[in-house]
Amino acid sequence: MAKKELEIEAGSYDVRGNLDTNFMDGMRSYPYLIEYTKDEKNRLDVQLRGKYMNIYFQGGNLVRLSGKETCEFDKNYFYIPTKEDMTMTDIERLCHKDYKEKAKKSKMLRDKSDAEIEELRQQASTIKKNIKKERDKLVNRLKCCDSLEEVEIVVGEIKDVMKQWKKALVNNGRRKQSAGERTVQHYISLYNKKFDEMTDFVVLDIEYAISTNALYAKEEEREKQPRIDILAIEKGTGQVYVMELKYGMKAVNGEASAEKHYEDYLATVGDDTKWQSFIDDVKILLQAKQKQKMIDGDIKIKDSKPVFVFVMKQEKESDEDSFRKHVETSEKLKKSNIQTIYLPIEAEKDYKNPSSMGHKLSKKYMRE
């Protein structure tokens, strides 16, 4: 008996995985690009969004695909400012029709004279045109690829642009040297795509943004809906897990505290009156990924409230003890007996090794 397709209720938000039937029909390189992403050695992570698809590389969005032939690559990767240069945000402000008002929000621009602002505005316009031209040239080449080999060459060049951008910004002080939480998130998703002896959870999605119009949205501060770092399915049970990733203790305190994330869960997908609507949306996403052959077709989702867990990617040997003490200071977290997956430290040379346990979501690392 054929699997019954889930009905998507009419609403004012796009359910993830709800791709048009003629999705990317106009881009002849699309089948080769998707084939390329499925080769693990290429380290590309594909995630479905509402009516579009993102292809991630090293924690950044490499390519966005939408419509029949729309292929986008962030033009910002072609702009490498020094500490003295305008940021890309400043350039966008200067190119805006209300640039004088926008300039007041920038530390660099707010004290400039009208004449200086006008000169910088001309520079910003030129920079924006040039980087768009470079971006469009590369994107058009990707659209026209007629083979897997051609895709490999062009995507390799796109990867190089991103890597050079990151390296240059580290060298001139615009970015930090160490891998960030987004990069860790990328590799967790990349290396937990199928169940094996080292993996107890398959990652279904990352950065799951809750729509303000979803039935499971937070009712207070409606415009500030949370994002779910990692959405995973448990081996054997089909239980959905909502995972909040913390990369070392530096990511634990502050505005996005551990307790705040748990409170957001309780107010949204962990609410007894809301979770079923969320699970219905997750099923649509699963079916879409199975249709695209991005995930095992035999995986099913259990109709039950999603389980909340923390994932602590340790930077230091002391991180597990430090995080335990942090949780114990919160009555709400301590009372709820929330489990944490403590991903081990690994040598830098093993960081991108798919056989490493450093990013495998294994129950052997799960503790209360």
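Summarised in this report is the structure supplied together with it.

So, how was this worked out
- Residues numbered from 1 in each chain as written.
- Predicted model: local features only at pLDDT ≥ 70, side-chain atom pairs only at ≥ 80, totals over all residues.
- Heavy atoms only, no water.
- Pairing = 2+ DSSP bridges.
- Helix = DSSP H or I, 4+ residues; strand = E, 2+ residues; numbered from the N terminus.
- Axes fitted to C-alpha atoms, helices over the stretch in contact; angles between N-to-C directions.
- Buried < 20%, exposed > 50% of the residue type's maximum accessible area, 1.4 Å probe, protein only.
- Expected span 1.5 Å × (residues − 1).
- Parallel < 35°, antiparallel > 145°, perpendicular 65-115°, else oblique.
- Left-handed = near helix turned anticlockwise from the far one by under 90°.
- Contact = heavy atoms within 4.5 Å.
- Nonpolar A, V, L, I, M, F, W, Y, C, P; charged D, E, K, R; others polar.
- Patch = residues over 30% accessible without salt bridge, like charges linked within 9 Å, V, L, I, M, F, W, Y side chains within 5 Å.
- Areas by Shrake-Rupley, 256 points an atom, 1.4 Å probe, with all protein chains shown as cover.
- Salt bridge = Lys/Arg side-chain N within 4 Å of Asp/Glu carboxyl O.
- Lys, Arg positive; Asp, Glu negative; His and termini not counted.
- Charge placed at Lys NZ, Arg CZ, Asp CG, Glu CD.

### Topic: the sheet that holds strand β3 (residues 60-66)
A sheet is described by the order of its strands in space; here 4 strands give the open sequence β1-β2-β3-β4, paired in antiparallel fashion. Two strands close off the open sheet at either side, each with one partner strand: β1 (45-48) and β4 (70-72). Sheet twist, expressed as the mean angle between neighbouring strand axes with direction ignored, is 20 degrees. Two elements, β1 and strand β2 (residues 52-57), share 4 bridges in a ladder whose sense is antiparallel. Along β2, the bridge assignment pairs Asp45 with Tyr56.

### Details of the pairing of strand β9 (residues 339-343)
Of all 5 residues making up β9, 4 are buried, and the element is well covered by its neighbours. In this sheet, β9 lies alongside strand β8 (residues 307-313) in parallel orientation, the contact comprising 5 bridges. If you follow Met312 over to β9, its bridge partner there is Tyr342. Sheet analysis places β9 next to strand β10 (residues 366-367), joined by 2 bridges and oriented antiparallel. Its bridge partner lying in β10, Thr340 is registered against Arg367.

### A closer look at helix α8 (residues 275-291)
With 17 residues, α8 should cover 24 Å at 1.5 Å per step; its first-to-last C-alpha distance of 24 Å lies within 8% of that length. Burial runs high along α8: 14 of the 17 residues are buried. Looking one or two places after α8, you find Lys293, whose phi comes out positive at around 60 degrees.

### A word on the packing of helix α4 (residues 114-143) against helix α5 (residues 148-171)
Where α4 contacts α5, the two axes come as close as 9 Å, and the packing angle between them is 155 degrees. The angle between the axes of α4 and α5 places the two elements in the roughly antiparallel class. Once α4 is placed against α5, the crossing between them reads as left-handed. Residue-level contacts link Leu138, Arg141 and Leu142 of α4 to Ile153, Val154, Val155, Glu157, Ile158 and Val161 of α5. For the contact of α4 with α5, the residue count by class is 7 nonpolar, no polar and 2 charged.

### A few points about the sheet that holds strand β7 (residues 240-247)
Pairing is mixed in the open sheet, where 6 strands are placed in the order β5-β6-β7-β8-β9-β10. The open sheet has two edge strands with one neighbour each: β5 (201-209) and β10. Pairing analysis gives 4 bridges linking strand β6 (residues 227-234) to β7, with the strands arranged antiparallel. Looking across to β7, one finds that Ile233 is bridged to Val240. Here helix α9 (residues 319-328) sits on the sheet in contact with β8, β9 and β10, set at roughly 160 degrees to β9.

### Digging into α4
Under the 1.5 Å per step criterion, the end-to-end length of α4 is 42 Å for 30 residues, consistent within 8% with the ideal 44 Å. For α4, the full list of buried residues reads Ile117, Leu120, Ala124, Ile131, Arg135, Leu138, Val139 and Leu142. Buried residues along α4 sit in contact with β3, β4, α2 (88-94), α3 (99-103) and α5.

### Comments concerning the pairing of β2
By the criterion of burial, β2 is predominantly enclosed, with 5 of the 6 residues buried. In sequence, β1 turns back onto β2 through a hairpin of 3 residues, with Lys51 there showing a positive phi of about 70 degrees. Across 6 bridges, β2 lies against β3 in antiparallel orientation. Of the residues in β3, the one forming a bridge with Ile55 is Val63. Two successive antiparallel strands, β2 and β3, enclose a turn made up of 2 residues, where Gln58 displays a positive phi of approximately 50 degrees.

### Let's talk about a negative patch on the surface
On the surface, Glu35, Glu149, Glu150 and Glu152 cluster together into a patch of negative charge. If you trace the backbone, Glu149 turns up in helix α5. Of the residues examined, Glu149 reaches a relative accessible area of 53% and is grouped as exposed.

### Topic: unusual backbone geometry
With a phi angle near 60 degrees, Met24 is a residue other than glycine that sits in the positive phi range. One can find Met24 in the segment before α1 (30-37). In this structure, Lys293 takes a positive phi of about 60 degrees despite not being glycine. Take Lys293: it is sitting in the loop between α8 and β8.

### Describing the pattern of salt bridges
Considering all chains together, one arrives at 31 salt bridges under this definition. Notably, a salt bridge pairs Lys51 with Asp20, separated by 3.7 Å at the nearest N-O pair. With a gap of 31 residues between them, Lys51 in the loop between β1 and β2 and Asp20 in the segment before α1 connect regions that are remote in the sequence. The exposure class of Asp20 is partly exposed, given its relative accessible area of 39%. Taking the shortest distance from any N to any O, the salt bridge between Asp136 and Arg135 comes out at 2.7 Å. Since its relative accessible area comes to 15%, Arg135 is described here as buried. Shared partners join several salt bridges into a network, and the residues in it are Arg16, Arg49 and Asp205.

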